[in-house]
Amino acid sequence: MLIPLVLSGGSGTRLWPVSRKNLPKQFLALAGEQTLFQDTLARAAKLPGAVAPIIVASEDHRFLAAEQVQELGIKDSAIILEPLARNTAPAIALGALHALQNHPDAVLLVLPADHLIADTLAFRHAVEQALPLTEQGLLVTFGIRPDRPETGFGYIRRGENVSTNGFKVAQFVEKPDLDTASRYLADGGYDWNSGMFLFKANRYIEELRTHNPIMLEAVEIAFAEAKTDLDFIRLDATSFAKVPDDSIDYAVMEKTHHAAVVPVSCGWSDIGSWSALWLTGEKDDNGNRFDGDVLAIDTRNTLVRSHERHLVATLGVEDLVVVTTPDATLVAHRDAAQDVKKIVDQLKSSGRSEHAFHRIVHRPWGSYDSLEFGRRFQVKRIVVKPGASLSLQMHHHRAEHWIVVSGTAEITCDDKVFLLSENQSTYIPLGARHRMRNPGKVPLEMIEVQSGSYLGEDDIVRYEDNYGRH
């Protein structure tokens, strides 16, 4: 039985300002109509014999993951929530333990949620070639045949043949400098380390027990103490915090004597930077890739990504990355795109919120957009999905005015429950228990004006909530 195990816990900081902590790159549509996460799920679902996936996600992204799974119509998926990041080795162990509960012979296809694969047929063929190797007890990784001397990836040196297109792993190599990468490309015996794997779940557990028993024991304890919450498997935060932080490469693959590699050319990219995104997809005759409303004159080899209803104009430039969002703009040389994380780090250290939050914040009930913010006031545009409801809540430090722009709102304010329609409004006093619900079949759009001494999102006391938030 082939079970896709999709790892969606990454933060994607090198794709700031579009990718942020609360909405990382895997949940964004960067290379098509679907998000990278959805592309990964859809690609895996088409593999012969594949069943419903296991997804390991950050607790912060639980509703993003669940909603995007639902949009694809995927049934019976399991979503395991990590209360904090502990890298790929523990995440894969969680998936393996879950798979083994019902399928002792389960084969796991481990897929990062944020990778792009253009040639799905080539990828499918590589998986089919790798499957017989799992019957030999091998832990298979997929090596991407390099087409350029890339310094941003680790490499795998191929050893002796174990099948027609499978090889023993002779060596895992760290990210090289340009000269070394050029030598690897000329050698022909090196592949990029893709971070995708195929192996039997029980074999991974055996190898982890051999090479990192402390990690496995900690993961087993955390998994045994997990609770089912709505559609999620929620790990105990205290137990999971004791799990060592390590990647599968360091914890298992570089130590085992049973690692194999299947090389593949499938139009793969980890979309690890804006320059990597520029390399994918179609460009114009001047080597430019544009997304959104862009006016370019005398512009070459440049990536421009504009957010909705925002014109970006370039004149007399080349080799740039220009990315805009409602609250931030990035301008960088393409050669410096790998260093965008430095901006994120500086935003964190200076106490700014732009590293973590977009102006538009998605919630399980809908979204809100902070339109204006002052010393004692804030204006938000709130959109509530049909049938959805915010929590019954109270604020200690702010009052709120609500104005319905479109749709119908059911309002609870202390002991009163009433309806508001378009152009009607109400006032929520400080300290009142209140709730907003959309009883209709179309989205509810409202303007909220907050006023008070403190307007932070943490000034919320929840009494009832449909989404398990505390």
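Residues numbered from 1 in each chain as written. Predicted model: local features only at pLDDT ≥ 70, side-chain atom pairs only at ≥ 80, totals over all residues. Heavy atoms only, no water.

1. Looking at unusual backbone geometry
Negative phi characterises most residues that are not glycine, and trans characterises most peptide bonds.
At step 1: Cis geometry marks the peptide bond from Trp16 to Pro17; its omega dihedral reads 10 degrees.
At step 2: Looking at where Pro17 falls in the secondary structure, it is placed in the loop between β1 (2–8) and α1 (36–45).
At step 3: A positive phi angle, near 45 degrees, is found at Ile271, a position not held by glycine.
At step 4: Residue position: Ile271 is located in the loop between β13 (268–269) and α10 (274–279). (Helix = DSSP H or I, 4+ residues; strand = E, 2+ residues; numbered from the N terminus.)

2. Some remarks on the packing of aromatic side chains
At step 1: Taken as a whole and assessed by the stated rule, the structure comprises 10 aromatic pairs.
At step 2: One aromatic cluster is present, formed by Phe153, Trp192 and Trp268 through successive ring pairs.
At step 3: Sitting over the face of the ring of Trp278, Arg334 holds its NZ or CZ atom 3.6 Å from the ring centroid. (Phe/Tyr/Trp six-rings, centres within 6.5 Å; stacked < 30°, edge-to-face > 60°. Lys NZ or Arg CZ within 6 Å of the ring centre and 35° of its normal.)

3. What to know about the pairing of strand β6 (residues 139–144)
At step 1: Burial analysis of β6 places six of its six residues in the buried class, the great majority of the element.
At step 2: Residues Leu139, Thr141 and Gly143 point to one face of β6 and Val140, Phe142 and Ile144 to the other, with burial holding for every one of them.
At step 3: Bridging between β6 and strand β12 (residues 259–264) involves six bridges; their strand directions are parallel. Within β12, the position partnered with Gly143 by the bridge is Pro263. (Buried < 20%, exposed > 50% of the residue type's maximum accessible area, 1.4 Å probe, protein only. Pairing = 2+ DSSP bridges.)

4. What about the side chain of Asp369?
At step 1: With respect to the helices, strands and loops of the structure, Asp369 is situated in strand β21 (residues 366–373).
At step 2: Within polar-contact distance, the side chain of Asp369 engages the side chain of Arg359 at 2.7 Å. (Polar contact = N/O pair within 3.5 Å; in protein donor to acceptor, adjacent residues only side chain to side chain.)

5. Side note on the domain arrangement of the protein chain
At step 1: As far as domains go, the protein chain holds domain 1 (2–269), domain 2 (274–337) and domain 3 (360–464).
At step 2: On a C-alpha basis, the centroid separation for the pair domain 1 and domain 3 is 40 Å.
At step 3: The interface is formed by four residues belonging to domain 1 together with four residues belonging to domain 3.
At step 4: Inspection of the region where domain 1 meets domain 3 yields one salt bridge.
At step 5: Here Glu67 and Lys385 are joined by a salt bridge, their closest N and O atoms 2.7 Å apart.
At step 6: There are one residue pair in polar contact (both at pLDDT 80 or more) connecting domain 1 and domain 3.
At step 7: Split by residue class, the side of domain 1 that touches domain 3 holds two nonpolar, one polar and one charged. (Domains from an automatic or database assignment. Contact = heavy atoms within 4.5 Å. Salt bridge = Lys/Arg side-chain N within 4 Å of Asp/Glu carboxyl O. Nonpolar A, V, L, I, M, F, W, Y, C, P; charged D, E, K, R; others polar.)

6. Quick word on the UniProt feature "domain: Nucleotidyl transferase" (unreviewed entry) in the protein chain
At step 1: Under the present numbering, the feature "domain: Nucleotidyl transferase" (unreviewed entry) in UniProt falls on residues 4–282.
At step 2: End C-alpha to end C-alpha, residues 4–282 measures 29 Å, and it is 35% helix and 24% strand. (UniProt positions renumbered as here; feature names shortened; annotations may be inferred.)

7. Notes on the pattern of salt bridges
At step 1: Applying the stated criterion across every chain yields a total of 27 salt bridges.
At step 2: Among the ionic pairs, Arg203 bridges to Glu207, the shortest N-O distance being 2.9 Å. On the criterion of helical spacing, the pair formed by Arg203 and Glu207 is a turn pair, its members being four residues apart in helix α6 (residues 201–211). Side by side, Arg203 and Glu207 carry an identical accessibility label, which is buried.
At step 3: Notably, a salt bridge pairs Arg289 with Asp291, separated by 3.7 Å at the nearest N-O pair.
At step 4: A network of salt bridges, in which partner residues are shared, links Glu59, Asp229 and Arg234.

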